[in-house]
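So you can see what is in the structure, the chains are spelled out below.
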Amino acid sequence: MNIETSTRKPMALRRRLLWPLAALLTAAGLSSTALAAYPDRPITLIVPWAAGGGTDATGRFVATLLERELKQPVNVVNRTGGGGIVGHTEISNAKPDGYTIGVVTTELSLYRWLGTSQLTYANYTPLVLYNTDPVAIHVQAEKGPKNLNELISAVKAKPGVMKASGANLGGLAHLSVAGLLTSMNIPLASMPWVPSEGATPSLQLLASDAIEVVATTMPEAQTMVDAKRARTLVIMASKRDPVYPDVLTVKEAVGVDWSLGAWRGIAGPKGMPADVTTRLANALRKVVNDPEFKKLMDSRKFGVEFADPAGFVSYLQTAQERFGVAAKAAGLAK
Amino acid sequence: MEHFFSQLSAAFGMLADVQLISVVLVASAFGLFVGAIPGLTATMATALLVPVTFYMTPLAAVAAIVSCTAMAITAGDIPGCLIRMPGTPASAAYTDETYAMTRRGLAAQALGSSLVSSVIGGLFGAIVLMIAAPVLASYALRFSSFEYFWLALMGLSCAAFISSSDLLRGMIALLIGLFLATVGMDPLTGTPRFDFGFTALLGGLNFIPIMIGMFAVCEIMNNLATDSERVRIKEIPKPVGRIFAGIGGLISRYRRNTARGAVLGTLIGALPGAGGDLAAWMSYSLAKRFSKTPEKFGTGHPEGVIEAGAANNAALSGAWVPALVFGIPGDAVTAIAVGVLIMKGLNPGPQLFESQAPTLYAIYLIFIVANLLLLPLGWLAIRLAMPLLRIPPHQLSAVILMFCILGSYAINNSIFDIGVMLLFGVVSFVLGRLGVPKGPIILGLVLGPMVEMNFLTSMAIADGRFLGFFERPIAGGLGVAAILIWGFVLMRALRGHSDKAKHAAKSDM
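Residues numbered from 1 in each chain as written. Chains lettered and ligands numbered in written order. Predicted model: local features only at pLDDT ≥ 70, side-chain atom pairs only at ≥ 80, totals over all residues.

**Some words on the overall build of chain A**
Within chain A one finds 13 helices and 11 strands. Counting the 334 residues in chain A, one finds 49% classified as buried. Taking all contacts inside chain A whose residues are at least 6 apart in sequence as the whole, residues at least 24 apart take part in 75%. (Helix = DSSP H or I, 4+ residues; strand = E, 2+ residues; numbered from the N terminus. Buried ≥ 20, exposed ≤ 12 C-beta atoms within 10 Å, placed from the backbone. Contact = placed C-beta atoms within 7 Å.)

Shown next, in the form of structure tokens:
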């Protein structure tokens, strides 16, 4: 039907014009298409975030390698807007034939809790988990507390004086801190949340001595940690990160089991045929375990974590629960 | 120092890239083309470049914008000189002067002196950018949301007060921009604002379709509307002679003008909302005021041309200082550039100077390369200008409109964005007819979210006390300065108003 390669955007216009024609042809030869082995035409990979961002970059890594694996073009299409809702909705509403799949991200674990959308992982056929980046707690390199215990006692001693930031209200960073405080039975008002546009402005607030704590993933804080302006206290993961072996987990630091992080995976709409799902899952398993994928992800400092469809589902279940706990703790759950 | 040289050599390594060099050349050619066509501005060239930069590396994207705008501003002098129609508004200040020179048979001298002074001004601005930006950035690392709030507020004030001569219309434009910036989710609570049920509006209005609409579509409409007034070229000017002949002597005779133009241009460029247009007008009038022979101005005298030519190119580089250090654009071009930088993962701000130092050095070098390239390419453009000027405007408009539609669609594959682009084209055309300037709208749109977010963040940090905005020393100083600016301008406006009222009363009698 069309033979465009990965990123030729203007071609999408022509593709849209070809839709009626394609529909006609499909209707005419329905029986023959059913017989052809999947995939026999290009695949669309929807990215719910803007081009140039982290999700776009990782999505394009997957697309490049998947193209090689399936021997069919994989076109990345950015469908942005509404805090990722537009793109996520489009993936879940696509025809479940394996020709439209997409990147699903952390926000999917949140929509239901925040009441922004009814979408959850149950609306999708999860195919592979390829990235997780746990949230870590950072403080001022010189003035800041030496460890999490010291921070906690300071917060308890003078409630409301220390301020934390990392992202908007209800974002991953906010919920991770709300969940951490709640799991230690500390009222949230003891460390008020300062909304910001994301990790970079929050770290700027930390460096300029306007706030005391920043919650963000390790790669995002790397530059400021390297420049000795910020110091990492703990990482909210179940085990230590081999890249940062000296950073304690929350459990090691204070004995409370709390972990939360950003994740990214590939999913298709619900109700995909079993053979198509298997074919895609196998191809994606090879992609994510390919050393080249690891190299690409390392270049942008994204943590690679692989889970097959079953493992991805159970990861999403846990994530859904944990984000629920955090959202309720923050008083944002609807 | 050793650190500096290792960064610099890394930057040179980044420049030695075939893709980058070809991007610079193609963007330059595009800039020369757009600049040489009357009615098409450097901002429009940049807006149309954005969808293409999508496929480039971050450095190549910046390189494309830098070289394209430098070429466009310079090439704008050519039609002004030859047929008395400025190619870009930045050349309008001295169009009559260069045209008078052409009529005296001095076309080569006019073009040569404006070209060489442009190169000198551009190089000076680039060097200032190179030195001032990192110094400011290391200082800006101590800035928190309080300081940024005041800075953004001052940026807004500049937009309304400086970029237009008419305070009321400037304020109206600014408020339109600020209103547009509120569309989308509330940054604090995520509550949708002014989305009218469109999911596409939830994330806010997309900046690039608006820019394409406001600059490219609006200018197409303007050109069509004024077509009947447009002078047909009846007499074809004689081929331009050797443009570099005797220019060295001319520039050194007016070295004081060149220097003053370059300094003033850089400073004005760095002010938010004031770009090359204003720099050129101010420099030209300054040149006249301080000239020993002011009576020669307007009769084909190169003095003002040299000063203003240096100023408008210097302003281009100057505008990048606040854009890179604070993310506060100095003019409409850098407003677009800031959007491109963010899209490419190079978020402007002091941290950029720590994490991406070699890329920044490479950007400075691009400024130098682009300005040096002006000499050969500008020479070529002057040779090729006449055939270009004979292209019928209607055919050109059709091609540009096609690129507008393609560009707006390509960014998000969204038909909605095409609608946004067309709507803003029409709205901006109407506003233009009413004399409402575009600059403040763009700055309101870019700085609005910055003011809002930094205000909310600061209020959260200060536990809701307004005094928090004055408690940090730098923030306090900036706050007092901002209030003084507002007070001064308001007072002047009120006095001007009462003066006008008096005049009106007198003339009534």
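**Comments concerning the overall build of chain B**
Helix and strand content of chain B: 22 helices and two strands. Compactness check: chain B gives a C-alpha radius of gyration of 23 Å against a globular reference of 23 Å for 509 residues, within 12% of the reference. Projected onto the principal axes, the alpha-carbon positions of chain B cover approximately 75 × 70 × 50 Å. Every one of the 509 residues in chain B was classed for burial, and the buried ones make up 57%. In chain B, once contacts between residues fewer than 6 apart in sequence are set aside, the share between residues at least 24 apart is 78%. (Rg over C-alpha atoms; globule rule 2.2 N^0.38 Å.)

**Remarks on the nonpolar core**
Among the nonpolar cores identified, the biggest contains 267 residues, and Ala63(B), Ala152(B), Ile212(B) and Ala216(B) are the most heavily contacted of them. At 16 residues, the largest contribution of residues to this core is made by helix H7 (residues 107-140) of chain B. Two domains each donate at least three residues to this core, and these are domain 1 (11-132 + 262-329) and domain 2 (134-254) of chain A. Other than its neighbours up to four places away in sequence, Ala152(B) contacts Ile328(B), Leu447(B), Met450(B), Val451(B) and Asn454(B). (Core = buried A, V, L, I, M, F, W, Y, C linked by C-beta atoms within 7 Å. Domains from an automatic or database assignment.)

**A word on the interface of chain B and chain A**
Many analyses report the size of an interface as the accessible area lost when the parts associate. Contacts between chain B and chain A engage 35 residues on the former and 34 residues on the latter. Counting residues per element, the ones that place at least two in the side of chain B that touches chain A are helix H8 (145-161), helix H17 (350-355), helix H19 (393-412) and helix H21 (439-461) of chain B. With five residues, H21(B) is the largest single contributor of residues to the side of chain B that touches chain A. For the side of chain B that touches chain A, the residue count by class is 18 nonpolar, 14 polar and three charged. (Nonpolar A, V, L, I, M, F, W, Y, C, P; charged D, E, K, R; others polar.)

**Quick notes on unusual backbone geometry**
With an omega of -10°, the peptide bond running from Tyr38(A) to Pro39(A) counts as cis. Phi is positive for Phe194(B), close to 45°, though the residue is something other than glycine. In this structure, Phe194(B) sits in the loop between strand E2 (192-193) and helix H10 (207-225). Within the chain, Asp463(B) stands out as a residue other than glycine whose phi angle is a positive 55°. Residue placement: Asp463(B) occurs in the loop between H21 and helix H22 (473-508).

**Remarks on the environment of Val256(A)**
Residue and element names in this part refer to chain A. Structurally, valine 256 can be placed in the loop between helix H10 (250-254) and strand E10 (261-269). By the C-beta count within 10 Å, which is 14 here, valine 256 ends up partly exposed. Distance in space between the C-alpha atoms of valine 256 and proline 187 is 16 Å, their sequence separation being 69 residues. Excluding anything up to four places from it in sequence, valine 256 contacts Ser183, Met184, Val250 and Lys251.

**A short note on helix H13 (residues 276-290) of chain B**
Residue and element names in this part refer to chain B. With 15 residues, H13 should reach 21 Å at 1.5 Å per residue; the first-to-last C-alpha distance of 21 Å fits that figure. Here H13 has its buried residues at Gly276, Asp277, Leu278, Ala279, Ala280, Met282, Ser283, Tyr284 and Ala287. Where the residues of H13 are buried, they touch helix H4 (58-75), helix H12 (255-270) and helix H14 (302-318). (Expected span 1.5 Å × (residues − 1).)

**Considering the pairing of E10(A)**
Working note: regular strand, side chains alternate between the two faces of the sheet. All names here are of chain A. Burial analysis of E10 places nine of its nine residues in the buried class, the great majority of the element. As defined by bridge partners, strand E3 (residues 100-105) adjoins E10 across four bridges and the pair is classed as antiparallel. For valine 104, the partnering residue across the bridge sits in E10 and is glycine 265. As paired elements, strand E4 (residues 124-140) and E10 share nine bridges and run antiparallel to each other. Pairing of threonine 125 across the sheet is with glycine 268, part of E10. (Pairing = 2+ DSSP bridges.)

**Section: the domain arrangement of chain A**
Residue and element names in this part refer to chain A. Per the domain assignment, the segments of chain A are domain 1 (11-132 + 262-329) and domain 2 (134-254). One C-alpha centre belongs to domain 1, the other to domain 2, and the line joining them spans 31 Å. Contacts between the two partners involve 12 residues from domain 1, matched on the other side by 12 residues from domain 2. The leading source of residues in the side of domain 1 that touches domain 2 is helix H13 (residues 309-329), at six residues.

**So, the pairing of E4(A)**
Residue and element names in this part refer to chain A. Among the 17 residues that make up E4, 16 are buried, leaving the element largely enclosed by the rest of the structure. Summarising the sheet, E4 and strand E11 (residues 304-307) pair through two bridges and their orientation is antiparallel. When the sheet's bridge partners are listed, asparagine 131 is paired in E11 with valine 304. Both E4 and strand E7 (residues 213-217) contribute to a ladder of five bridges, which runs antiparallel. Bridging from a neighbouring strand, valine 135 pairs with threonine 217 of E7.

**Considering the confidence of the model for chain B**
All names here are of chain B. Taken over all residues, the pLDDT of chain B has a mean of 84, while the share at 70 or more is 92%. Per-element confidence in chain B ranges from a low mean pLDDT of 75 for H22 to a high of 93 for helix H20 (residues 415-433). Low confidence marks residues 228-232, where pLDDT is under 50. Its contacts with residues over four positions away, or in another chain, come to zero contacts. Model confidence for the complex: the whole-complex pTM is 0.77, and ipTM, which rates the interface, is 0.72. (pLDDT = per-residue confidence, 0-100.)

**Here we look at the environment of Pro134(B)**
Following the sequence through the fold, Pro134(B) ends up in helix H7. On the basis of neighbour counts, which here come to 19 C-beta atoms within 10 Å, the residue Pro134(B) falls in the partly exposed class.

**Things to note about helix H6 (residues 95-103) of chain B**
Note that an α-helix has 3.6 residues per turn; residues three or four places apart therefore point the same way. All names here are of chain B. Taken residue by residue, H6 has Thr95, Glu97, Thr98, Tyr99, Met101 and Thr102 as its buried positions. Close packing links the buried residues of H6 with helix H5 (77-83), H7 and H14. Glycine 105 lies just past H6 and shows a positive phi near 80°.

**Looking at the confidence of the model for chain A**
All names here are of chain A. When the pLDDT values of chain A are averaged, the result is 85; 88% of them are 70 or greater. Low pLDDT (under 50) marks residues 1-11, which in the prediction has 24 contacts with non-local residues, meaning those over four places away or in another chain. In the predicted structure, residues 20-35 sits below a pLDDT of 50 and forms two contacts with residues beyond four places in sequence or in another chain.

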